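Breakdown of the fold
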Amino acid sequence: MEQHPTSHVLPDSCDFTVFGGTGDLALRKLLPALYHRDLEGQLPADYRILGVSMSDLDDAGWRDAVHAALETFVAADQLVTPVVDRFLARLYHLRLDAQNPADWDRFHTILKDRAHPENAVRVFYLAVAPRLFGSICQRLDEIGVVDERARVVLEKPIGHDLASAREVNEAVGRVFDESQIFRIDHYLGKESVQNLLVTRFANTFLEPLWNSRWVDHVQITVSETVGIGGRGEYYDHAGALRDMVQNHLLQLLCLVAMEPPTYVGRETVRDEKVKVLHALKPMTPDAVDRDIVRGRYDVGLVDGAPVPSYSDDLGHSGSRTETFVALKTEVQNWRWAGVPFYLRTGKRMDRRASEIVVFFKEPPHSMFPGAEGVTAPNRLHILVQPDEGMRLHLTAKEPGPGGYRLRPVSLDLSYAAAFDARLPDAYERLLMDVIKGNPTLFMRRDEVEAAWTWTEPILRRWSTMPDRPKRYPAGTTGPTAAAMLLERDGRTWQEPDQ
Ligand code: BG6
């Protein structure tokens with residue numbers, strides 16, 4: 001019997017090390033998330049945050065950098081001076097060249113120079129290139145700072161294909177037990193994504209309809225307005241399929257499609273998600289050609305401002321990398337047989353919006369002969385961002401005497417309005433889960449490898465094809481071929497907000 005999640009407790013003491021401590025992720029997401037948890041009084045009484053990087057900063061320099069980041073990324077009404085001061089006083093920085101043994105000695109000294117009580121926890125957050133994961137873990141082991149209470153957090157991507165993912169998993173697994181490895185997919189920390197589980201399984205009205213008998217199809221869209229920014233080197237080796245589909249979109253699909261676990265526990269949810277990944281229709285070369293569209297943004301207007309093309313952002317035009325993917329797949333099991341799942345994601349699109357839309361079938365019989373007006377099949381929108389919530393589209397009678405005039409109406413639930421609370425960033429939940437040792441919302445090794453097993457034939461097929469991704473003007477919904485992917489099935493993409 002696995003440990004029940006409620007038994008995960010806050011340790012008295014924690015050393016939280018961020019490798020890549022001066023990087024974008026650390027400053028934009030991790031430190032602000034830890035600050036928010038400190039503000040709520042949720043961090044262990046005795047904790048230190050150690051930033052490790054190649055930068056020459058001393059403790060004071062890193063504190064200044066983090067202070068500036070808090071002022072940029074934390075809302076002004078959440079910046080409480082005594083808490084900020086307390087938080088900054090917990091920060092230390094170490095310049096570490098991974099090849100230099102003397103630097104590792106210094107790291108060892110910092111971690112060992114204070115008592116490590118019975119339930120103290122060391123967290124090693126690797127916000128660095130994945131090729132360094134294995135060697136950093138090995139070093140941590142060699143200098144003797146890994147015990148059974150240590151945890152390592154791996155940022156995606158875990159590898160760039162199945163073989164390299166296995167290599168990373170092997171290397172990290174030589175030092176840490178699987179129960180100590182936390183592979184982050186930050187989409188799982190989003191409030192609306194966690195709420196998907198609650199909506200499905202803590203209510204009764206949806207689940208009887210949640211199958212091929214009543215669901216026509218499902219659309220999952222993650223659309224971004226940003227381009228590749230300063231991440232060209234990483235992104236051009238990844239592309240939208242590896243960067244977004246292999247992880248975030250497949251995770252969303254798993255939560256929509258999975259069977260109810262007996263309870264939400266550290267392994268039970270992950271067991272069900274893996275089953276969905278194994279049930280995905282394999283991508284044969286024909287299926288890749290027929291059911292996937294890849295695109296790349298060209299110059300265009302985003303939010304009214306001109307933006308450069310992908311090649312301009314990258315600085316050269318030889319790339320074959322995609323910044324947009326639309327695809328059709330199926331979950332081949334009893335519940336979902338025959339129901340298409342359409343997935344779509346892209347950069348430099350017309351809006352920033354992530355949404356899951358479940359389209360229900362038409363009523364089996366139309367009993368309003370001569371009814372005027374418009375009807376549309378029911379659909380449930382699960383709004384992931386920017387506004388988190390849910391919207392159910394129904395058909396209603398327009399008030400008034402005479403015949404039936406039918407009109408679509410929507411039931412709207414905005415979490416912000418319903419709960420009148422600040423919705424925490426995904427990392428806030430996930431970092432606390434790491435500190436408390438609860439891996440439920442992290443990707444298990446078999447999950448990552450199952451996702452790569454499904455994705456890899458697509459990459460292989462694309463690598464043999466001479467054509468490049470189809471171009472789409474920035475600020476649009478992607479290449480027209482993506483619209484045709486649905487039109488040929490008699491469907492259209494549901495644009496967010498509609
Ligand atoms: C990251 C990707 O994992 O997720 C980025 O590497 C992407 O390319 C980001 O922009 C999107 O996250 P969010 O939370 O802004 O939707």
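In what follows, the accompanying structure is described. (Residues numbered from 1 in each chain as written. Predicted model: local features only at pLDDT ≥ 70, side-chain atom pairs only at ≥ 80, totals over all residues. Heavy atoms only, no water.)

Counting its secondary structure elements, the protein contains 15 helices and 17 strands. Computed over the C-alpha atoms, the radius of gyration of the protein is 24 Å, within 12% of the 23 Å expected from 2.2 N^0.38 for a compact globule of 498 residues. Principal-axis analysis of the C-alpha atoms places the extent of the protein at approximately 80 × 50 × 50 Å. In the protein, which comprises 498 residues, the share counted as buried stands at 53%. Long-range contacts, defined here as pairs at least 24 residues apart, represent 78% of the contacts in the protein between residues at least 6 apart. With an accessible surface of roughly 21,900 Å², the protein has 54% of that area assigned to carbon and sulfur atoms. Each charge class in the protein was averaged separately, 59 positive and 71 negative side chains, and the resulting centres sit 4 Å apart. (Helix = DSSP H or I, 4+ residues; strand = E, 2+ residues; numbered from the N terminus. Rg over C-alpha atoms; globule rule 2.2 N^0.38 Å. Buried < 20%, exposed > 50% of the residue type's maximum accessible area, 1.4 Å probe, protein only. Contact = heavy atoms within 4.5 Å. Areas by Shrake-Rupley, 256 points an atom, 1.4 Å probe, with all protein chains shown as cover. Lys, Arg positive; Asp, Glu negative; His and termini not counted. Charge placed at Lys NZ, Arg CZ, Asp CG, Glu CD.)

Another aspect to go through is the site of the ligand. Around the ligand sit K156, H186, Y187, K190, E224, R231, D243, M244, H248, K347, R352 and Q385, and those are all the residues in its vicinity. D243 places a side-chain nitrogen or oxygen 2.6 Å from an oxygen atom of the ligand. Protein chains bury 81% of the 390 Å² of accessible surface belonging to the ligand in isolation. Take the shell around the ligand: its biggest share by element is three residues, from helix α8 (residues 232–257). Among the residues making up the shell around the ligand, the classes are represented as two nonpolar, three polar and seven charged. (Near = heavy atom within 4 Å. Polar contact = N/O pair within 3.5 Å; in protein donor to acceptor, adjacent residues only side chain to side chain. Nonpolar A, V, L, I, M, F, W, Y, C, P; charged D, E, K, R; others polar.)

Further remarks concern the packing of α8 against helix α9 (residues 268–279). Two numbers describe how α8 lies on α9: the axes approach to 9 Å, and their chain directions differ by 105°. The angle between the axes of α8 and α9 places the two elements in the roughly perpendicular class. Where α8 approaches α9, its residues L250, Q251, L253, C254, L255 and A257 are matched on the opposing element by K273, V276 and L277. Counted by class, the contact of α8 with α9 contains seven nonpolar, one polar and one charged residues. (Axes fitted to C-alpha atoms, helices over the stretch in contact; angles between N-to-C directions. Parallel < 35°, antiparallel > 145°, perpendicular 65-115°, else oblique.)

Residue placement: Q78 occurs in the loop between α2 (59–73) and α3 (81–89). On the accessibility criterion, Q78 (16% relative accessible area) is buried. When residues no more than four places from it in sequence are discounted, the contact partners of Q78 are Y35, H36, L39 and R422.

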